[in-house]
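# Topology and contacts: notes
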Amino acid sequence: MNLLIKNIKQLVTVSAAGKRFKAGPEMNDLGIVENATVLIENGRISWTGRTSDFEQTVPDSIDTLDAEGLVALPGFVDSHTHALFAGTRENEFALRSAGKSYTEIASAGGGILSTVAAVRAATKKELKKNARKHLDGMLRSGTTTVEIKSGYGLNEPDEIKMMDAINELADEQLIGIAATFLGAHAVPPEYTENTGEYVQLICSRILPYLARRKALQFCDVFCDNGFFSVDQARTILEAARTLGISIKMHADQLSQIGASVLAAELGAVSADHLEKIDDAGIAALQRAGTIATVLPGVSFFLNEEYSPARKIIGAGVPLAIASDFNPGSNMSFSMPLMMTIACTQMRLTPEEAITAATLNGAAALNMSGQTGSIEPGKQADIIFYDVPNYRSIVYHYGTNFAAHIVKHGTLLDY
Ligand code: NIG
Ligand code: FE
(Lines give C-alpha, C1' and ligand atoms only; values in the text may rest on other atoms or scores of the structure.)
(Ligands and ions follow the chains in the order given, each with its own letter.)
Protein backbone atom coordinates (compact mmCIF):
# COMPACT_ATOMS: atom_id res chain seq x y z
CA MET A 1 0.00 0.00 0.00
CA ASN A 2 1.43 3.38 -1.08
CA LEU A 3 0.00 6.53 0.45
CA LEU A 4 0.99 10.19 0.34
CA ILE A 5 -0.35 12.26 3.23
CA LYS A 6 -0.06 15.99 2.72
CA ASN A 7 -0.70 19.18 4.67
CA ILE A 8 -0.68 17.63 8.15
CA LYS A 9 -1.15 20.58 10.51
CA GLN A 10 1.00 19.05 13.23
CA LEU A 11 2.94 15.78 12.94
CA VAL A 12 3.94 14.29 16.29
CA THR A 13 6.68 11.85 15.27
CA VAL A 14 7.90 10.85 18.80
CA SER A 15 11.17 10.42 16.90
CA ALA A 16 13.38 7.86 18.59
CA ALA A 17 16.29 8.01 16.15
CA GLY A 18 16.99 4.32 16.60
CA LYS A 19 16.54 4.28 20.38
CA ARG A 20 14.41 1.50 21.84
CA PHE A 21 12.62 3.81 24.28
CA LYS A 22 12.87 7.26 25.87
CA ALA A 23 13.55 7.87 29.56
CA GLY A 24 13.84 10.93 31.81
CA PRO A 25 13.67 14.37 30.17
CA GLU A 26 13.74 12.83 26.65
CA MET A 27 10.15 11.73 27.22
CA ASN A 28 9.16 15.37 26.65
CA ASP A 29 10.75 15.45 23.20
CA LEU A 30 8.01 14.62 20.67
CA GLY A 31 9.84 15.56 17.46
CA ILE A 32 6.99 17.75 16.21
CA VAL A 33 6.89 18.90 12.58
CA GLU A 34 4.44 21.67 11.64
CA ASN A 35 2.77 21.54 8.20
CA ALA A 36 4.12 18.11 7.36
CA THR A 37 4.02 15.40 4.73
CA VAL A 38 4.41 11.64 5.17
CA LEU A 39 5.16 9.23 2.33
CA ILE A 40 4.27 5.56 2.83
CA GLU A 41 5.58 2.88 0.48
CA ASN A 42 4.58 -0.78 0.81
CA GLY A 43 3.08 -0.15 4.24
CA ARG A 44 6.26 1.48 5.57
CA ILE A 45 7.10 5.09 6.17
CA SER A 46 9.69 6.22 3.64
CA TRP A 47 9.76 10.00 4.23
CA THR A 48 8.58 12.54 6.81
CA GLY A 49 9.23 16.26 6.97
CA ARG A 50 7.90 19.70 6.16
CA THR A 51 5.60 19.80 3.14
CA SER A 52 7.72 22.63 1.72
CA ASP A 53 10.77 20.31 1.72
CA PHE A 54 9.03 17.41 -0.03
CA GLU A 55 10.77 16.62 -3.32
CA GLN A 56 10.60 12.81 -3.43
CA THR A 57 9.48 10.95 -6.52
CA VAL A 58 6.34 9.09 -5.63
CA PRO A 59 5.39 5.60 -6.89
CA ASP A 60 3.07 5.47 -9.94
CA SER A 61 0.32 3.80 -8.00
CA ILE A 62 -0.39 5.86 -4.91
CA ASP A 63 -3.38 7.12 -2.93
CA THR A 64 -3.39 10.59 -1.44
CA LEU A 65 -4.84 11.86 1.83
CA ASP A 66 -5.19 15.58 2.38
CA ALA A 67 -4.77 15.99 6.16
CA GLU A 68 -5.39 19.73 6.20
CA GLY A 69 -6.28 20.88 9.72
CA LEU A 70 -5.48 17.50 11.30
CA VAL A 71 -2.94 16.46 13.92
CA ALA A 72 -1.11 13.13 13.39
CA LEU A 73 0.24 10.82 16.10
CA PRO A 74 1.72 7.32 16.07
CA GLY A 75 -0.98 4.72 16.76
CA PHE A 76 -1.12 3.90 20.48
CA VAL A 77 0.53 0.70 21.66
CA ASP A 78 -1.53 -0.76 24.51
CA SER A 79 1.05 -3.11 25.99
CA HIS A 80 -1.04 -4.67 28.79
CA THR A 81 -4.61 -5.93 28.37
CA HIS A 82 -6.83 -8.87 29.23
CA ALA A 83 -9.07 -8.18 26.22
CA LEU A 84 -10.11 -11.81 25.68
CA PHE A 85 -12.82 -12.73 28.17
CA ALA A 86 -16.45 -13.75 28.57
CA GLY A 87 -19.11 -12.21 30.79
CA THR A 88 -19.02 -8.89 32.59
CA ARG A 89 -18.78 -7.83 36.26
CA GLU A 90 -21.07 -4.86 36.75
CA ASN A 91 -22.08 -6.35 40.11
CA GLU A 92 -18.53 -5.82 41.43
CA PHE A 93 -18.53 -2.26 40.14
CA ALA A 94 -21.66 -1.62 42.18
CA LEU A 95 -20.19 -3.37 45.26
CA ARG A 96 -17.14 -1.10 45.06
CA SER A 97 -19.35 1.97 44.88
CA ALA A 98 -20.89 0.68 48.09
CA GLY A 99 -17.43 0.56 49.71
CA LYS A 100 -16.08 -2.96 49.08
CA SER A 101 -12.49 -3.18 47.83
CA TYR A 102 -11.13 -5.17 44.85
CA THR A 103 -9.29 -7.47 47.29
CA GLU A 104 -12.38 -8.07 49.46
CA ILE A 105 -14.42 -8.98 46.38
CA ALA A 106 -11.68 -11.35 45.15
CA SER A 107 -11.37 -13.06 48.56
CA ALA A 108 -15.13 -13.63 48.59
CA GLY A 109 -14.84 -15.68 45.38
CA GLY A 110 -15.54 -12.86 42.89
CA GLY A 111 -12.87 -11.09 40.91
CA ILE A 112 -10.70 -12.99 38.45
CA LEU A 113 -12.31 -16.34 39.39
CA SER A 114 -15.77 -15.22 38.28
CA THR A 115 -14.41 -14.45 34.81
CA VAL A 116 -12.56 -17.79 34.87
CA ALA A 117 -15.91 -19.60 35.26
CA ALA A 118 -17.36 -17.67 32.30
CA VAL A 119 -14.31 -18.26 30.08
CA ARG A 120 -14.21 -21.98 30.85
CA ALA A 121 -17.88 -22.20 29.82
CA ALA A 122 -17.32 -20.27 26.57
CA THR A 123 -16.19 -21.71 23.24
CA LYS A 124 -13.14 -20.35 21.44
CA LYS A 125 -15.48 -18.97 18.80
CA GLU A 126 -17.50 -17.05 21.41
CA LEU A 127 -14.35 -15.66 23.00
CA LYS A 128 -13.08 -14.42 19.64
CA LYS A 129 -16.43 -12.85 18.79
CA ASN A 130 -16.43 -10.89 22.07
CA ALA A 131 -12.83 -9.80 21.59
CA ARG A 132 -13.32 -8.66 17.98
CA LYS A 133 -15.85 -6.09 19.18
CA HIS A 134 -13.34 -4.72 21.68
CA LEU A 135 -10.47 -4.75 19.18
CA ASP A 136 -12.56 -2.78 16.72
CA GLY A 137 -13.35 -0.22 19.43
CA MET A 138 -9.67 0.02 20.35
CA LEU A 139 -8.66 0.67 16.76
CA ARG A 140 -11.31 3.35 16.39
CA SER A 141 -9.96 5.09 19.47
CA GLY A 142 -6.40 5.08 18.12
CA THR A 143 -4.80 1.86 19.35
CA THR A 144 -3.00 0.10 16.47
CA THR A 145 -1.11 -2.52 18.50
CA VAL A 146 -2.34 -4.39 21.56
CA GLU A 147 -1.03 -7.07 23.89
CA ILE A 148 -3.57 -9.67 25.01
CA LYS A 149 -3.04 -12.09 27.90
CA SER A 150 -4.52 -15.47 28.67
CA GLY A 151 -5.16 -16.13 32.35
CA TYR A 152 -8.89 -16.75 32.64
CA GLY A 153 -8.61 -20.48 31.84
CA LEU A 154 -6.28 -21.61 34.66
CA ASN A 155 -6.14 -25.19 33.42
CA GLU A 156 -4.42 -26.81 30.47
CA PRO A 157 -7.27 -26.96 27.92
CA ASP A 158 -8.73 -23.55 28.74
CA GLU A 159 -5.40 -21.71 28.81
CA ILE A 160 -4.58 -23.28 25.45
CA LYS A 161 -8.04 -22.34 24.17
CA MET A 162 -7.32 -18.72 25.12
CA MET A 163 -3.86 -18.69 23.55
CA ASP A 164 -5.24 -20.24 20.35
CA ALA A 165 -7.99 -17.59 20.24
CA ILE A 166 -5.44 -14.77 20.69
CA ASN A 167 -3.23 -16.14 17.91
CA GLU A 168 -6.17 -16.64 15.56
CA LEU A 169 -7.27 -13.04 16.19
CA ALA A 170 -3.69 -11.94 15.41
CA ASP A 171 -3.88 -13.81 12.10
CA GLU A 172 -6.97 -11.77 11.17
CA GLN A 173 -4.72 -8.66 11.15
CA LEU A 174 -7.45 -6.26 12.22
CA ILE A 175 -4.97 -4.77 14.68
CA GLY A 176 -1.40 -5.70 15.70
CA ILE A 177 -1.50 -8.27 18.52
CA ALA A 178 1.16 -9.61 20.89
CA ALA A 179 0.20 -12.82 22.73
CA THR A 180 1.10 -13.25 26.40
CA PHE A 181 0.65 -16.43 28.44
CA LEU A 182 -0.60 -15.60 31.94
CA GLY A 183 -1.46 -19.08 33.22
CA ALA A 184 -0.35 -17.83 36.66
CA HIS A 185 -3.02 -15.11 36.94
CA ALA A 186 -4.76 -16.59 39.99
CA VAL A 187 -4.57 -19.87 41.85
CA PRO A 188 -7.13 -22.19 40.20
CA PRO A 189 -9.88 -23.32 42.64
CA GLU A 190 -8.74 -26.94 42.08
CA TYR A 191 -5.24 -26.14 43.38
CA THR A 192 -5.73 -23.96 46.48
CA GLU A 193 -4.14 -26.63 48.70
CA ASN A 194 -1.37 -27.58 46.26
CA THR A 195 -0.44 -24.53 44.22
CA GLY A 196 3.01 -26.02 43.59
CA GLU A 197 1.41 -28.70 41.42
CA TYR A 198 -0.21 -26.04 39.23
CA VAL A 199 3.16 -24.27 38.93
CA GLN A 200 4.64 -27.60 37.79
CA LEU A 201 1.82 -28.13 35.28
CA ILE A 202 2.64 -24.74 33.76
CA CYS A 203 6.39 -25.38 33.65
CA SER A 204 6.41 -28.97 32.48
CA ARG A 205 3.43 -29.11 30.13
CA ILE A 206 1.69 -25.86 29.15
CA LEU A 207 4.70 -23.59 28.57
CA PRO A 208 6.72 -26.15 26.53
CA TYR A 209 3.63 -26.95 24.42
CA LEU A 210 2.96 -23.27 23.68
CA ALA A 211 6.63 -22.54 23.02
CA ARG A 212 6.87 -25.47 20.57
CA ARG A 213 3.96 -24.01 18.62
CA LYS A 214 5.41 -20.47 18.82
CA ALA A 215 2.08 -19.43 20.32
CA LEU A 216 3.39 -16.81 22.77
CA GLN A 217 5.63 -13.75 22.73
CA PHE A 218 5.64 -13.25 26.51
CA CYS A 219 5.11 -15.09 29.76
CA ASP A 220 3.60 -13.08 32.63
CA VAL A 221 2.88 -13.94 36.30
CA PHE A 222 0.67 -12.13 38.83
CA CYS A 223 3.10 -12.08 41.75
CA ASP A 224 1.34 -10.84 44.88
CA ASN A 225 -0.02 -11.90 48.25
CA GLY A 226 -2.88 -14.34 47.70
CA PHE A 227 -1.74 -15.05 44.14
CA PHE A 228 1.77 -16.33 43.23
CA SER A 229 4.73 -15.92 45.56
CA VAL A 230 8.13 -14.59 44.51
CA ASP A 231 9.50 -18.17 44.52
CA GLN A 232 6.63 -19.51 42.43
CA ALA A 233 6.95 -16.59 40.00
CA ARG A 234 10.68 -17.22 39.73
CA THR A 235 10.10 -20.92 38.92
CA ILE A 236 7.62 -20.13 36.14
CA LEU A 237 9.55 -17.23 34.65
CA GLU A 238 12.87 -19.09 34.67
CA ALA A 239 11.16 -21.96 32.82
CA ALA A 240 9.89 -19.45 30.25
CA ARG A 241 13.30 -17.87 29.90
CA THR A 242 14.89 -21.28 29.31
CA LEU A 243 12.43 -21.74 26.43
CA GLY A 244 13.54 -18.38 24.98
CA ILE A 245 10.36 -16.53 25.96
CA SER A 246 10.50 -12.86 27.06
CA ILE A 247 9.16 -12.05 30.50
CA LYS A 248 6.62 -9.63 31.94
CA MET A 249 5.24 -9.38 35.47
CA HIS A 250 2.20 -8.07 37.32
CA ALA A 251 4.30 -6.57 40.11
CA ASP A 252 3.71 -4.57 43.30
CA GLN A 253 -0.01 -4.08 42.66
CA LEU A 254 -1.69 -5.00 45.95
CA SER A 255 1.30 -5.39 48.25
CA GLN A 256 5.09 -5.10 48.35
CA ILE A 257 6.68 -8.56 48.31
CA GLY A 258 9.69 -7.85 46.08
CA ALA A 259 8.06 -8.55 42.72
CA SER A 260 9.64 -5.70 40.74
CA VAL A 261 13.08 -6.57 42.13
CA LEU A 262 12.51 -10.11 40.81
CA ALA A 263 11.38 -8.72 37.42
CA ALA A 264 14.63 -6.77 37.16
CA GLU A 265 16.73 -9.71 38.31
CA LEU A 266 15.21 -11.96 35.63
CA GLY A 267 15.66 -9.33 32.91
CA ALA A 268 11.93 -8.83 32.35
CA VAL A 269 10.99 -6.59 29.43
CA SER A 270 8.46 -4.85 31.66
CA ALA A 271 7.17 -4.77 35.23
CA ASP A 272 3.54 -3.68 35.24
CA HIS A 273 1.16 -2.03 37.78
CA LEU A 274 3.71 -0.86 40.43
CA GLU A 275 1.20 0.90 42.69
CA LYS A 276 3.26 -0.31 45.68
CA ILE A 277 6.75 -0.12 44.18
CA ASP A 278 9.46 1.02 46.63
CA ASP A 279 12.85 2.70 46.13
CA ALA A 280 14.63 -0.66 45.85
CA GLY A 281 12.25 -1.72 43.08
CA ILE A 282 12.71 1.53 41.17
CA ALA A 283 16.51 1.29 41.42
CA ALA A 284 16.43 -2.36 40.28
CA LEU A 285 14.28 -1.55 37.22
CA GLN A 286 16.60 1.31 36.32
CA ARG A 287 19.70 -0.90 36.48
CA ALA A 288 18.06 -3.66 34.44
CA GLY A 289 16.56 -1.37 31.75
CA THR A 290 13.16 -2.92 32.51
CA ILE A 291 10.22 -0.80 31.41
CA ALA A 292 7.85 0.35 34.15
CA THR A 293 4.33 0.02 32.78
CA VAL A 294 1.78 1.97 34.77
CA LEU A 295 -1.97 1.45 34.48
CA PRO A 296 -3.68 4.68 35.56
CA GLY A 297 -7.14 3.42 34.63
CA VAL A 298 -6.92 0.66 37.26
CA SER A 299 -6.29 3.08 40.14
CA PHE A 300 -9.07 5.32 38.81
CA PHE A 301 -11.60 2.49 38.36
CA LEU A 302 -10.82 0.81 41.69
CA ASN A 303 -10.39 4.14 43.50
CA GLU A 304 -7.01 3.07 44.82
CA GLU A 305 -3.57 4.59 44.98
CA TYR A 306 -1.63 5.53 41.84
CA SER A 307 1.84 4.29 40.92
CA PRO A 308 4.57 6.86 41.69
CA ALA A 309 5.13 7.69 38.03
CA ARG A 310 7.00 10.96 38.68
CA LYS A 311 9.47 9.19 40.91
CA ILE A 312 9.91 6.43 38.33
CA ILE A 313 10.58 8.92 35.53
CA GLY A 314 12.85 10.94 37.82
CA ALA A 315 14.97 7.83 38.42
CA GLY A 316 15.48 7.42 34.67
CA VAL A 317 13.30 4.31 34.29
CA PRO A 318 11.50 4.21 30.92
CA LEU A 319 7.78 4.51 31.64
CA ALA A 320 4.94 3.10 29.53
CA ILE A 321 1.18 3.61 29.96
CA ALA A 322 -1.28 0.82 29.18
CA SER A 323 -4.99 0.32 29.76
CA ASP A 324 -5.04 -3.12 31.46
CA PHE A 325 -8.48 -3.40 29.83
CA ASN A 326 -10.33 -6.23 31.63
CA PRO A 327 -13.81 -6.81 33.11
CA GLY A 328 -12.64 -6.44 36.72
CA SER A 329 -10.10 -3.74 37.35
CA ASN A 330 -10.52 -1.49 34.29
CA MET A 331 -13.41 -1.75 31.84
CA SER A 332 -12.00 0.82 29.41
CA PHE A 333 -9.60 0.50 26.51
CA SER A 334 -9.39 4.20 25.69
CA MET A 335 -5.70 5.11 25.64
CA PRO A 336 -6.41 8.88 25.46
CA LEU A 337 -8.46 8.52 28.66
CA MET A 338 -5.61 6.60 30.36
CA MET A 339 -3.28 9.43 29.34
CA THR A 340 -5.58 12.09 30.75
CA ILE A 341 -5.72 10.22 34.07
CA ALA A 342 -1.91 9.91 34.00
CA CYS A 343 -1.63 13.68 33.56
CA THR A 344 -4.18 14.70 36.21
CA GLN A 345 -3.46 12.03 38.84
CA MET A 346 0.17 11.04 38.26
CA ARG A 347 1.33 14.48 37.12
CA LEU A 348 2.77 13.41 33.81
CA THR A 349 3.11 16.11 31.18
CA PRO A 350 0.99 15.56 28.04
CA GLU A 351 4.25 14.99 26.17
CA GLU A 352 5.41 12.29 28.60
CA ALA A 353 1.99 10.62 28.38
CA ILE A 354 2.20 10.50 24.57
CA THR A 355 5.72 8.99 24.63
CA ALA A 356 4.59 6.47 27.27
CA ALA A 357 1.57 5.40 25.21
CA THR A 358 3.43 5.06 21.90
CA LEU A 359 7.19 4.44 21.70
CA ASN A 360 7.64 3.14 25.24
CA GLY A 361 4.56 0.91 24.92
CA ALA A 362 6.09 -0.53 21.75
CA ALA A 363 9.36 -1.12 23.61
CA ALA A 364 7.41 -2.98 26.32
CA LEU A 365 6.37 -5.40 23.54
CA ASN A 366 9.87 -5.61 21.97
CA MET A 367 8.31 -3.87 18.97
CA SER A 368 9.79 -0.39 18.97
CA GLY A 369 11.88 -1.27 15.91
CA GLN A 370 8.61 -1.60 13.97
CA THR A 371 6.08 0.80 15.47
CA GLY A 372 5.57 3.46 18.18
CA SER A 373 6.94 6.44 16.24
CA ILE A 374 6.50 7.98 12.80
CA GLU A 375 9.92 7.56 11.24
CA PRO A 376 11.33 6.20 7.99
CA GLY A 377 11.64 2.41 8.11
CA LYS A 378 8.83 1.83 10.60
CA GLN A 379 5.45 0.41 9.66
CA ALA A 380 2.91 3.15 9.03
CA ASP A 381 0.59 3.12 12.08
CA ILE A 382 -0.72 6.69 12.21
CA ILE A 383 -3.86 8.29 13.66
CA PHE A 384 -5.20 11.66 12.48
CA TYR A 385 -7.16 13.77 14.95
CA ASP A 386 -9.47 16.66 14.33
CA VAL A 387 -8.21 18.84 17.20
CA PRO A 388 -6.54 22.28 17.47
CA ASN A 389 -3.16 20.84 18.58
CA TYR A 390 -1.73 17.59 19.98
CA ARG A 391 -2.34 18.51 23.63
CA SER A 392 -6.07 18.57 22.94
CA ILE A 393 -6.05 14.78 22.60
CA VAL A 394 -5.32 14.54 26.34
CA TYR A 395 -6.97 17.78 27.47
CA HIS A 396 -10.39 17.41 25.80
CA TYR A 397 -11.08 14.09 27.46
CA GLY A 398 -13.82 11.49 27.16
CA THR A 399 -14.41 12.08 23.44
CA ASN A 400 -12.75 10.32 20.54
CA PHE A 401 -11.42 12.78 17.96
CA ALA A 402 -9.80 10.22 15.63
CA ALA A 403 -10.72 11.22 12.07
CA HIS A 404 -8.58 8.78 10.03
CA ILE A 405 -6.72 5.63 10.95
CA VAL A 406 -3.79 4.25 8.99
CA LYS A 407 -2.80 0.74 10.07
CA HIS A 408 0.29 -0.77 8.46
CA GLY A 409 -0.03 1.71 5.59
CA THR A 410 -3.71 1.02 4.92
CA LEU A 411 -6.17 3.88 5.33
CA LEU A 412 -9.07 2.21 7.14
CA ASP A 413 -12.58 2.85 6.09
CA TYR A 414 -14.13 4.32 9.26
O1 NIG B 1 -4.19 -6.51 35.91
N2 NIG B 1 -4.00 -7.93 38.72
C3 NIG B 1 -4.47 -8.88 38.19
N4 NIG B 1 -5.16 -8.97 37.07
C5 NIG B 1 -5.91 -7.95 36.43
C6 NIG B 1 -7.32 -7.93 36.87
C7 NIG B 1 -8.07 -8.96 36.16
C8 NIG B 1 -9.47 -9.10 36.64
O9 NIG B 1 -9.88 -8.53 37.69
O10 NIG B 1 -10.20 -9.80 35.93
C11 NIG B 1 -5.22 -6.62 36.56
O12 NIG B 1 -5.67 -5.70 37.24
FE1 FE C 1 -3.33 -6.93 34.21
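Everything below is about the structure shown above.
Here the structure is a predicted model, which means the values were calculated and not measured.

## Some details on the overall build of the protein
On a plain count of helices and strands, the protein comes out with 15 helices and 16 strands. The C-alpha atoms of the protein give 21 Å as radius of gyration, which agrees with the globular expectation for 414 residues (22 Å, within 12%). Summarising its shape, the C-alpha atoms of the protein cover approximately 70 × 45 × 40 Å along the three principal directions. A buried classification covers 59% of the 414 residues belonging to the protein. Taking as baseline every contact in the protein between residues at least 6 positions apart, the subset at least 24 positions apart corresponds to 73%. Looking at the protein as shown, the accessible area adds up to about 15500 Å², and 49% of this sits on carbon and sulfur atoms. Averaging the locations of the 35 positively and 46 negatively charged side chains of the protein gives two centres separated by 2 Å.

## Digging into the pairing of strand β1 (residues 3-12)
In terms of burial, β1 is a largely internal element, seven of the 10 residues being buried. Note that β1 and strand β4 (residues 63-66) share four bridges and pair parallel. Within β4, the residue paired with Ile 5 across the bridge is Leu 65. Where β1 and strand β2 (residues 32-41) come together, seven bridges link them in antiparallel fashion. Residue pairing for β2: Ile 8 is matched across the bridge by Ala 36. Sheet topology places β1 next to strand β5 (residues 71-74); two bridges connect them, and they run parallel. Note on β5: the bridge partner recorded for Leu 11 is Ala 72.

## Some details on empty space enclosed by the protein
Counted by the stated rule, this structure contains one cavity of 30 Å³ or more. Put simply, the largest cavity is a space of about 90 Å³. Together, 13 residues line the largest cavity, and His 82, Tyr 102, Ile 112, His 185 and Ser 329 are the ones closest to its centre. Tallied by class, the residues present in the lining of the largest cavity amount to four nonpolar, seven polar and two charged.

## Here's the deal with the site of ligand 1
With respect to spatial proximity, 15 residues lie near ligand 1, and among them Tyr 102, Tyr 152, Gln 253, Asp 324 and Ser 329 are the closest. One nitrogen or oxygen atom from the side chain of His 185 is found 2.8 Å from a nitrogen atom belonging to ligand 1. Considered on its own, ligand 1 offers 330 Å² of accessible surface; in the complex 100% of this is hidden by protein. Of the residues contributing to the shell around ligand 1, the split by class is four nonpolar, nine polar and two charged.

## Concerning the packing of aromatic side chains
Tallied over the entire structure, the rule returns seven aromatic pairs. The interplanar angle of 35° and the centroid separation of 6.5 Å between the aromatic rings of Tyr 198 and Phe 228 together place this pair among those described as tilted. Of this pair, Tyr 198 sits in helix α6 (residues 195-212) while Phe 228 sits in the loop between β9 (218-223) and α7 (230-242); the two residues are 30 residues apart in sequence, bridging distant segments of the chain. What makes Phe 228 buried here is its relative accessible area of 0%. With 5.1 Å between their ring centres and 80° between their planes, Phe 325 and Phe 333 make a pair best called edge-to-face. Among the aromatic residues, those joined into a ring-pair cluster are Phe 85, Phe 325 and Phe 333. Above the ring of Phe 218, the side-chain terminus of Lys 248 is found at 4.9 Å from the ring centroid.

## Focus on the packing of helix α5 (residues 156-172) against α6
Packing of α5 against α6 brings their axes to within 11 Å, and their N-to-C directions diverge by 40°. The angle between the axes of α5 and α6 places the two elements in the oblique class. Classified by chirality, the crossing of α6 by α5 is right-handed. From α5, Glu 156, Glu 159, Ile 160 and Met 163 reach across to α6, where they touch Tyr 198, Leu 201, Arg 205, Ile 206, Tyr 209 and Leu 210. Residue composition of the contact of α5 with α6, by class: seven nonpolar, no polar and three charged.

Cut-offs applied
Residues numbered from 1 in each chain as written. Chains lettered and ligands numbered in written order. Predicted model: local features only at pLDDT ≥ 70, side-chain atom pairs only at ≥ 80, totals over all residues. Heavy atoms only, no water. Helix = DSSP H or I, 4+ residues; strand = E, 2+ residues; numbered from the N terminus. Rg over C-alpha atoms; globule rule 2.2 N^0.38 Å. Buried < 20%, exposed > 50% of the residue type's maximum accessible area, 1.4 Å probe, protein only. Contact = heavy atoms within 4.5 Å. Areas by Shrake-Rupley, 256 points an atom, 1.4 Å probe, with all protein chains shown as cover. Lys, Arg positive; Asp, Glu negative; His and termini not counted. Charge placed at Lys NZ, Arg CZ, Asp CG, Glu CD. Pairing = 2+ DSSP bridges. 1 Å grid on protein atoms, 1.4 Å probe; cavity = no way out; pocket = protein on both sides within 12 Å on 5 of 7 lines; lining within 4 Å. Points joined across faces, edges and corners; volume = space filled by probe spheres on them. Nonpolar A, V, L, I, M, F, W, Y, C, P; charged D, E, K, R; others polar. Near = heavy atom within 4 Å. Polar contact = N/O pair within 3.5 Å; in protein donor to acceptor, adjacent residues only side chain to side chain. Phe/Tyr/Trp six-rings, centres within 6.5 Å; stacked < 30°, edge-to-face > 60°. Lys NZ or Arg CZ within 6 Å of the ring centre and 35° of its normal. Axes fitted to C-alpha atoms, helices over the stretch in contact; angles between N-to-C directions. Parallel < 35°, antiparallel > 145°, perpendicular 65-115°, else oblique. Left-handed = near helix turned anticlockwise from the far one by under 90°.

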